[in-house]
Amino acid sequence: MKELLAETAERAACYVAAIGNRKVVPGVEDVARLESLGGALPEDSCDPAEILALLDEVGSPATVATTGGRYFGFVIGGVLPAALAANWLAGTWDQNACMRVMSPVAAKAEDIVREWTLGLLGLPASSAVGFVTCTTMANFSGLAAARSALLQRCGWNVEEDGLFGAPPIRVVVGQEVHVSVLKALSMVGLGRSRVTTVPADSQGRMRADALPPLDEHTLVCIQAGNVNTGAFDPAKEICARARDAGAWVHVDGAFGLWGALSPLYAPLLEGVNLADSWAIDCHKWMNVPQDSGLVVVREPEHLRRALSAGNAAYLTQSAEREPWQYTPDSSRRARGIELWAAMRSLGRSGLRKMIERNCRQARLFADRLRAAGFAILNDVVLNQVLVSFGSPEETRRVIAAIQADGTCWCGGTQWQGHTAMRISVSSWATTDDDVERSVAAMIRIAKSDKK
Ligand SMILES: Cc1ncc(COP(=O)(O)O)c(C=O)c1O
């Protein structure tokens, strides 16, 4: 075992050392070689070292270099060194984070990260926090709590009696609602199409002046950080209206909520802490390994009621916080440990600097591209940039050529009728040199073979 782990460490270190010098995407031949991992399942066992070698030799070249500094697709973070190290050690421990009795260390890490996160983001200190896989599941969990609370007010117990025959809940979303909120609405039985949609402004912000009348049976889903523009819905106005009416506000704050870490961006989030539930991502801007999100609910009882499983004689319940009472799943890996390591290693000022650096780098991208004559389609308020290289066909050509070139990676989108390339700067590993190299490649490609 010791030799195997040492060999793993050696191979992983080589991967990390090479990441900055390779193309961001694998070659066609690298992807084709993945076939050699398949075939018929061997009848006999083999040495784990052979498995490791095969996985590294075939698998590593077929990865996308999201842990390098020049991946700007979707919204994807890298992995901080302390978080990766903690992930390895916690993987070795193989803890089940379901119940405190199964893993005191996993439960304690969650307790600490819960407290640190609420403090960092300025959310109510007594809120419940569940450690989930992603923002989609955090949205699902927050909306399940909202559904439970709103129906309880009408005397309906949705956990016991389900939704058939339940009083209706009105759901309000912005025109630029993220698709994961609609998916979560569909999964909690509220439906993705029976929503009232509020128009958005040119940056994608929900127009507070266009909100419909709200009441105590209304769920309002707002957004902190638009996936295309980075813009924030006006939380202060919306939450004030919702509070007066007794409505529930859920915030999809996947990456944007982390903006609260910096006094430069916190004003964009004014009033967001007045909401009732929040969905946050950790594998994006918190730069922990993939598969990490948080749901936060102001009044813990609603999340508990929505997600706790009930009793079984063999399951134990301590007087302390029991992790599985706040998540849709029961058995799961101890992802709180990586979060603890990420936060503990950077500290408050390190976390703030990471956020501020990425936002500054987003502005650097925008400035360079604008100076080269290309149109920036959004106000660069956070870490997201939208750029057009001309006609839709030309923008698509440039995106495809940038992806094939491999210096960096960016995806495309449609923004209010325009075809655009998205640049999302979300990795601790991105240096200013990475930005300059990437922008130079973008400009070279956009100016070559121009149709
Ligand atoms: C605003 C917003 N909400 C939700 C999500 C979905 O996040 P996840 O993939 O972690 O479920 C994203 C992903 O980029 C996002 O930007």
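This section reports on the structure supplied with the text.

The rules behind these values
Residues numbered from 1 in each chain as written. Predicted model: local features only at pLDDT ≥ 70, side-chain atom pairs only at ≥ 80, totals over all residues. Heavy atoms only, no water. Near = heavy atom within 4 Å. Polar contact = N/O pair within 3.5 Å; in protein donor to acceptor, adjacent residues only side chain to side chain. Areas by Shrake-Rupley, 256 points an atom, 1.4 Å probe, with all protein chains shown as cover. 1 Å grid on protein atoms, 1.4 Å probe; cavity = no way out; pocket = protein on both sides within 12 Å on 5 of 7 lines; lining within 4 Å. Sits in = over half its atoms within 2 Å of the grid points. Nonpolar A, V, L, I, M, F, W, Y, C, P; charged D, E, K, R; others polar. Salt bridge = Lys/Arg side-chain N within 4 Å of Asp/Glu carboxyl O. Helix = DSSP H or I, 4+ residues; strand = E, 2+ residues; numbered from the N terminus. Buried < 20%, exposed > 50% of the residue type's maximum accessible area, 1.4 Å probe, protein only.

### Overview of the site of the ligand
Step number 1: The ligand sits among 14 residues. The nearest are T135, T136, D252, D281 and H283.
Step number 2: Take T135: an N or O atom from its main chain is 3.0 Å from an oxygen atom of the ligand.
Step number 3: Interatomic distance of 2.8 Å between a side-chain N/O atom of D252 and a nitrogen atom of the ligand.
Step number 4: Bound to the protein, the ligand loses 86% of the 390 Å² it would expose on its own.
Step number 5: Judged by the fraction of its atoms near the pocket grid, the ligand is located in the second largest pocket.
Step number 6: Grouping the amino acids of the shell around the ligand by side-chain chemistry returns five nonpolar, six polar and three charged.

### Regarding the pattern of salt bridges
Step number 1: Summed over all chains, the structure comprises 23 salt bridges.
Step number 2: Across the pair D56 and R11 runs a salt bridge, and its minimum N-O distance is 2.8 Å. Remark: R11 occurs in helix α1 (residues 2-18) and D56 occurs in helix α3 (residues 48-59); sequence separation between them is 45 residues.
Step number 3: D56 sits in the buried class, given a relative accessible area of 18%.
Step number 4: Residue class for R11 comes out buried when judged on its relative accessible area of 18%.
Step number 5: Close ionic contact of E320 with R100 constitutes a salt bridge, the shortest N to O distance being 3.6 Å. Within this pair, whereas E320 is found in the loop between α10 (300-307) and α11 (336-371), its partner R100 is found in the loop between α4 (81-93) and α5 (104-121), the two being separated by 220 residues in sequence.

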